[in-house]
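Summary of the model geometry
If you want the building blocks of each chain, they are given just below.
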Amino acid sequence: MPIFEFRCLKCESEFEKLVFGTSDNGISCPDCQSEDVEKLYSCFSGVSKSSDGSTHSMSSGCSSCAASSCAGCKN
Ligand SMILES: [Zn+2]
């Protein structure tokens, strides 16, 4: 189960939440109930960055081109 760390932008409280899928909607601070939170990647660095600088994120295009406008991107 993916547990992400969040930090409340309002009261700067840090907390952990179990997040299903990629949606982080509805995450609210347990202290002040603000939904103005940011996700921290201390536990799961995932696809955000790699040390060799060759990361291609999944949203940068399809497998056959580097853009997002070829015929394969429309699937
Ligand atoms: Zn808060």
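Scoring rules and cut-offs
Residues numbered from 1 in each chain as written. Predicted model: local features only at pLDDT ≥ 70, side-chain atom pairs only at ≥ 80, totals over all residues. Heavy atoms only, no water. Donors = N, O, S within 2.8 Å, 3.2 Å for Na, K, Ca; no water. Tetrahedral: all angles 85-135°; square planar, octahedral: opposite > 155°, others 65-115°. Buried < 20%, exposed > 50% of the residue type's maximum accessible area, 1.4 Å probe, protein only. Pairing = 2+ DSSP bridges. Helix = DSSP H or I, 4+ residues; strand = E, 2+ residues; numbered from the N terminus. Core = buried A, V, L, I, M, F, W, Y, C linked by side-chain atoms within 4.5 Å. Contact = heavy atoms within 4.5 Å. Phe/Tyr/Trp six-rings, centres within 6.5 Å; stacked < 30°, edge-to-face > 60°. Axes fitted to C-alpha atoms, helices over the stretch in contact; angles between N-to-C directions.

Overview of the coordination of the zinc ion
- Looking at the metal site, the zinc ion is ligated by Cys8 (SG), Cys11 (SG), Cys29 (SG) and Cys32 (SG), spaced 2.3 to 2.4 Å from it.
- Its four donor atoms give the zinc ion angles of 105 to 120° at the centre, a pattern that matches the tetrahedral case.
- Each donor residue of the zinc ion belongs to the same chain, with the gaps between them written as C-x2-C-x17-C-x2-C.
- Residue class for cysteine 8 comes out buried when judged on its relative accessible area of 1%.
- According to the relative accessible area criterion, cysteine 11 is partly exposed, its value standing at 37%.

Considerations on the pairing of strand β2 (residues 14-18)
- With five bridges connecting them, strand β1 (residues 3-8) and β2 associate as antiparallel partners. When the sheet's bridge partners are listed, isoleucine 3 is paired in β2 with leucine 18.
- In this antiparallel pair of consecutive strands, β1 and β2, the connection spans five residues, and glutamate 12 shows a positive phi of 60°.

Regarding the nonpolar core
- Counting eight residues, the largest nonpolar core consists of Phe4, Phe6, Cys8, Phe15, Val19, Ile27, Cys29 and Val37.
- With three residues, β1 is the largest single contributor of residues to this core.
- Residues in contact with valine 19, not counting those within four places in the same chain, are Pro2, Phe4, Phe6 and Ile27.

Considerations on the packing of aromatic side chains
- Inspection of the entire model under this criterion finds one aromatic pair.
- Each ring, one from phenylalanine 6 and one from phenylalanine 15, has its centre 5.9 Å from the other, and the planes form 20°; the classification is stacked.
- Given a relative accessible area of 1%, phenylalanine 6 falls into the buried group.

Points about the sheet that holds strand β3 (residues 37-40)
- One open sheet accounts for three strands, arranged β2-β1-β3; its pairing is antiparallel. Here the strands that pair on one side only, and so sit at the sheet edges, are β2 and β3. Pairs of neighbouring strands in the sheet enclose a mean axial angle of 40°, with direction left out of account.

Here we look at unusual backbone geometry
- Phi is positive for glutamate 12, which is not a glycine, with a value near 60°.
- For glutamate 12, the position within the fold is in the loop between β1 and β2.
- By relative accessible area, glutamate 12 is classed as exposed at 63%.
- Unlike most non-glycine residues, glutamine 33 shows phi in positive territory, near 65°.
- By secondary structure assignment, the location of glutamine 33 is in the loop between β2 and β3.

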